[in-house]
Amino acid sequence: MAGTEKKQAPAKRAPIKKAPAKKQAPAKRSVGRPRRLDPDAMVATARRIVEEEGVDALSMRRVAKELGSTPMALYHYVQDKDELLMLTLSGTAAAFPRPHLPEDPRERLLAVAVHMHDILSRIPWVLDILALGELTDRNALWMVEEIIDSAITCGLSPAQAVRAYRTIWSYVYGDLVFRRAAGRRADNPPNRRWFPEMVTEEDAATLPRLTAIKDDWRAYAADYEVADELDAIVQGLIDRGTAAG
């Protein structure tokens with residue numbers, strides 16, 4: 001028999017290396033104008049910051065950040081922080097209905113002054129804005145008009161009427177600031193009470209009146225009606241003005 005030839009095994013093919021997948025470049029963001037601001041949202045954000053944290057916490061940068069925008073975008077709507085604050089005031093007075101006012105000018109003056117105190121006591125954050133001076137809500141000017149007109153009708157000159165308004169406003173503003181401070185102290189009592197507790201019997205020689213009433217001071221101060229005090233102020237202003245006239 002003829003010899004058989006061994007079949008040669010087929011050569012193994014080298015594995016085919018796959019080319020690495022190309023990384024896709026990130027999609028480019030389209031460049032365009034920043035999104036349009038909603039003026040109502042801008043004012044609402046500013047008002048919330050002032051209500052919760054006070055005027056000092058408000059800035060154009062802060063409002064822009066919370067709205068996902070830039071400070072420059074805000075300047076398309078307002079010139080500065082003061083104008084933004086004016087917008088936060090807008091409409092606050094209109095939210096409170098005007099009271100029925102009596103015909104008598106003296107009683108009318110008193111009613112408006114009491115109403116002014118009442119509405120500001122409900123929105124104490126406005127006091128911080130008004131403290132900056134000259135900033136006010138246009139919708140609140142009717143109260144100034146009524147006080148001036150009633151004072152003039154009562155016999156005061158225009159100059160006396162303006163000074164009377166300033167006196168009434170000083171009382172209203174000062175009383176509300178004091179009340180708000182007292183409320184804060186009540187919420188966070190200090191470790192030590194300074195007045196009137198600081199007055200002791202050793203002060204009797206130099207502070208005789210305070211020493212005598214110091215224990216009753218808080219009770220006397222609590223028995224305090226704003227309308228009664230404003231009534232006394234109004235009467236004094238009218239008596240002084242008409243007597244001088």
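Up top is the structure these notes are about.
First, a word on what this report is: a plain description of the structure on this page. (Residues numbered from 1 in each chain as written. Predicted model: local features only at pLDDT ≥ 70, side-chain atom pairs only at ≥ 80, totals over all residues. Heavy atoms only, no water.)

### Quick look at the overall build of the protein
We apply this condition: Numbering of helices and strands runs from the N terminus, with a helix taken as a DSSP run of H or I at least four residues long and a strand as a DSSP run of E at least two residues long. For every residue, the accessible area (1.4 Å probe, protein chains only) is compared with the maximum for its type, and the residue is labelled buried under 20%, exposed over 50%, or partly exposed between those bounds. By definition, residues are in contact when any of their heavy atoms lie within 4.5 Å. Methods summary: accessible areas were calculated by the Shrake-Rupley approach with a probe of 1.4 Å, and residue burial reflects only the protein chains presented.
Counting secondary structure elements, the protein contains 11 helices and 0 strands. Counted from the first residue to the last, the protein has its helices and strands arranged as α-α-α-α-α-α-α-α-α-α-α. By the burial criterion, 30% of the 245 residues in the protein qualify as buried. Taking all contacts inside the protein whose residues are at least 6 apart in sequence as the whole, residues at least 24 apart take part in 68%. Of the roughly 18,000 Å² of accessible surface on the protein, a fraction of 53% belongs to carbon and sulfur atoms.

### Considerations on the nonpolar core
A general feature of soluble globular proteins is that nonpolar side chains tend to end up buried together. Short version of the rule: We call a set of buried residues a nonpolar core when its members are Ala, Val, Leu, Ile, Met, Phe, Trp, Tyr or Cys and they connect through side-chain atoms within 4.5 Å of each other.
Membership of the largest hydrophobic core comes to 54 residues, with the highest contact counts inside it found for Leu58, Val63, Leu84, Ile129, Ile168, Val172 and Leu230. With near-sequence residues (within four places) excluded, Val172 lies in contact with Ala113, Met116, His117, Leu120 and Leu230.

### Concerning the side chain of Ser69
Take Ser69: it is sitting in the loop between α2 (60–66) and α3 (71–74). What makes Ser69 buried here is its relative accessible area of 17%. Apart from residues lying up to four places away in sequence, Ser69 is in contact with Leu37 and Ala64.

### Quick word on the pattern of salt bridges
Two side chains of opposite charge can pair, provided their charged atoms sit close to one another. What counts is decided by this rule: Salt bridges are defined by distance alone: a side-chain nitrogen of Lys or Arg within 4 Å of a carboxyl oxygen of Asp or Glu.
Applying the stated criterion to the full structure yields 12 salt bridges. In this structure, Glu66 engages Arg48 in a salt bridge whose closest nitrogen and oxygen atoms are separated by 2.1 Å. Taken together, the positions of Glu66 in helix α2 and Arg48 in helix α1 (residues 39–53) put the pair 18 residues apart, joining distant regions of the chain. For Arg48, a relative accessible area of 32% puts it in the partly exposed group. Of the charged contacts in the structure, one is a salt bridge between Asp175 and Arg179, with a shortest N-O distance of 2.6 Å. In this pair, Asp175 and Arg179 are both assigned in helix α8 (residues 158–187), 4 residues apart and thus about one turn of the helix distant. Relative accessible area serves as the criterion here: at 37%, Arg179 is assigned to the partly exposed category. Three or more residues joined by partner-sharing salt bridges are found here, namely Arg48, Glu52, Glu53, Arg62 and Glu66.

### Quick notes on the packing of α1 against helix α4 (residues 81–89)
Condition: An axis is simply a line fitted to the C-alpha atoms; with a helix, the fit covers only the stretch in contact. Between two such axes, the angle follows the N-to-C directions and lies from 0 to 180 degrees. An angle counts as roughly parallel when it lies under 35 degrees, as roughly antiparallel when it exceeds 145, as roughly perpendicular when it falls between 65 and 115, and as oblique in every other case. Classification used: nonpolar for Ala, Val, Leu, Ile, Met, Phe, Trp, Tyr, Cys and Pro, charged for Asp, Glu, Lys and Arg, polar for all others including Gly.
Remark: α1 packs on α4, axes separated minimally by 9 Å, with the N-to-C direction vectors making an angle of 90°. When the axes of α1 and α4 are compared, the pair comes out roughly perpendicular. On α4, the residues that touch Met42, Val43, Ala46, Arg47 and Val50 of α1 are Leu84, Leu85, Leu87 and Thr88. By residue class, the composition of the contact of α1 with α4 is 7 nonpolar, 1 polar and 1 charged.

### With respect to the packing of aromatic side chains
The geometry of an aromatic ring pair is captured by the separation of the ring centres together with the interplanar angle, meaning the angle of the planes. Note the cut-off: The aromatic pairing rule takes the rings of Phe, Tyr and Trp, using the six-membered ring of Trp, and pairs them if the centres are within 6.5 Å, calling planes under 30 degrees apart stacked, those over 60 edge-to-face and the rest tilted.
Taken as a whole and judged by the stated rule, the model has 2 aromatic pairs. Consider the rings of Trp169 and Tyr173, whose centres lie 5.7 Å apart with planes at 40°: the pair is tilted. In this pair, Trp169 and Tyr173 are both assigned in helix α8, 4 residues apart and thus about one turn of the helix distant. Taking relative accessible area as the criterion, Trp169 reaches 22% and is therefore assigned partly exposed. Judged by centre distance (5.0 Å) and plane angle (85°), the ring pair of Phe195 and Trp217 falls under edge-to-face. Taken together, the residues Phe195 in the loop between α8 and α9 (208–213) and Trp217 in helix α10 (residues 217–222) connect sequence positions 22 residues apart. When its relative accessible area of 36% is taken as the criterion, Phe195 is described as partly exposed. For Trp217, a relative accessible area of 32% corresponds to the partly exposed category.

### Focus: a negative patch on the surface
Using the following cut-off: Patch definition: residues with relative accessible area over 30% and no salt bridge; like charges joined within 9 Å; nonpolar side chains (Val, Leu, Ile, Met, Phe, Trp, Tyr) joined within 5 Å. Charge counting follows a simple rule: Lys and Arg are positive, Asp and Glu are negative, and His as well as the terminal groups are ignored. For this purpose, a charge sits on NZ of Lys, CZ of Arg, CG of Asp or CD of Glu.
A cluster of acidic residues, Asp223, Glu225, Asp228 and Glu229, forms a negative patch at the surface. Assignment of secondary structure puts Asp228 in helix α11 (residues 226–244).

### Overview of helix α7 (residues 141–153)
Rules: Each residue after the first adds 1.5 Å to the expected span of a helix.
For α7, with 13 residues, the first-to-last C-alpha span of 18 Å sits near the 18 Å given by 1.5 Å per residue. Considered for burial, the residues of α7 that qualify are Trp142, Met143, Glu146, Ile147, Ile148, Ser150 and Ala151. On the buried face of α7, the contacting elements are α5 (105–122) and α8. Directly beyond the C-terminal end of α7, a positive phi value near 115° is found at Gly155.

### Digging into the environment of Glu107
The criterion, for reference: In protein, a polar contact requires one atom able to donate a hydrogen and another able to accept it; more generally it is a pair of N or O atoms within 3.5 Å, and residues adjacent in sequence count only if both atoms are side-chain atoms.
The topology assignment puts Glu107 in helix α5. Taking relative accessible area as the criterion, Glu107 reaches 36% and is therefore assigned partly exposed. Remark: the alpha-carbon pair of Glu107 and Gln235, spanning 128 residues in sequence, is separated by 9.9 Å. Of note is the side chain of Glu107, whose polar atom sits 2.9 Å from the side chain of Arg106.

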